[in-house]
Amino acid sequence: MLPCLWKQTFNIDCMGCGMQRSISLILKGDLVGAFFMYPAIYSLILMFSFLLLHLKFQFKKGHKIILGLFILNISIIVISFIIKTFLIN
């Protein structure tokens, strides 16, 4: 796994910490563990999958769906970061 330079420098997790381990857990078949490691992993997979489909097929309202998925992902990432950083410790 690649080391997190943010965590090494400031000694706190970044908003992306856990994503590599989450992908590794998905590849090993631990889908629940992957979610608990990085809660936005499945919505990110959905967003990038839809983005690739939209680039290929040019859906009529695809840009609005991608924007909605982007906002959803940012919200999940920020909320889980706040919970992990300030409420659990």
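Residues numbered from 1 in each chain as written. Predicted model: local features only at pLDDT ≥ 70, side-chain atom pairs only at ≥ 80, totals over all residues. Heavy atoms only, no water.

> Is there a simple way to think about helix H5 (residues 62–87) in this case?
Given 3.6 residues per helical turn, the α-helix brings residues three or four places apart onto the same face. Look at H5: 36 Å from first C-alpha to last across 26 residues, which is about the 38 Å you get at 1.5 Å a residue. Taken together, the buried positions of H5 are Gly-62, Ile-66, Leu-69, Asn-73, Ile-77, Ser-80, Phe-81 and Thr-85. Of the surrounding secondary structure, the elements contacted by the buried residues of H5 are helix H4 (41–57). (Helix = DSSP H or I, 4+ residues; strand = E, 2+ residues; numbered from the N terminus. Expected span 1.5 Å × (residues − 1). Buried < 20%, exposed > 50% of the residue type's maximum accessible area, 1.4 Å probe, protein only. Contact = heavy atoms within 4.5 Å.)

> Would you explain helix H2 (residues 19–28) in this entry?
Every buried residue of H2 is accounted for by Ser-22, Ser-24 and Leu-25. Projected down its long axis, H2 shows its buried positions confined to an angular sector of 160°, all on one face. On its buried face, H2 is in contact with helix H3 (31–37) and H4. Positive phi shows up at Gly-29, right after H2, with a value of about 100°. (Arc of directions from axis to C-beta.)

> Whenever I open this one, the packing of aromatic side chains confuses me. Can you help?
The geometry of two aromatic rings is summed up by the distance between their centres and the angle between their planes. Taken as a whole and assessed by the stated rule, the structure comprises 4 aromatic pairs. Here the aromatic rings of Trp-6 and Phe-10 are separated by 4.4 Å at their centres, their planes lie at 50°, and the arrangement is tilted. Of this pair, Trp-6 and Phe-10 are both found in helix H1 (residues 5–10), 4 residues apart, which corresponds to roughly one turn of the helix. Accessibility expressed as a relative area gives 48% for Phe-10, which makes it partly exposed. Pairing Phe-57 with Phe-59 gives two aromatic rings, centres 6.2 Å apart and planes at 35°, and the pair type is tilted. Following the ring pairs from residue to residue traces out a cluster consisting of Phe-50, Phe-57 and Phe-59. (Phe/Tyr/Trp six-rings, centres within 6.5 Å; stacked < 30°, edge-to-face > 60°.)

> So what exactly am I meant to see when it comes to the packing of H4 against H5 here?
Helix packing for two helices is described by the angle between their axes and how far apart those axes are. Two elements in contact, H4 and H5, have axes whose closest approach is 10 Å; the angle formed by their N-to-C orientations is 160°. Our classification of the angle between H4 and H5 gives roughly antiparallel. Of the two possible hands of crossing, H4 and H5 adopt the one that is left-handed. Listed contacts from H5 to Ser-43, Leu-44, Leu-46, Met-47, Phe-50, Leu-51 and His-54 of H4 are Gly-62, His-63, Ile-65, Ile-66, Leu-69, Phe-70, Leu-72, Asn-73 and Ile-76. Of the residues belonging to the contact of H4 with H5, the class tally is 11 nonpolar, 5 polar and no charged. (Axes fitted to C-alpha atoms, helices over the stretch in contact; angles between N-to-C directions. Parallel < 35°, antiparallel > 145°, perpendicular 65-115°, else oblique. Left-handed = near helix turned anticlockwise from the far one by under 90°. Nonpolar A, V, L, I, M, F, W, Y, C, P; charged D, E, K, R; others polar.)

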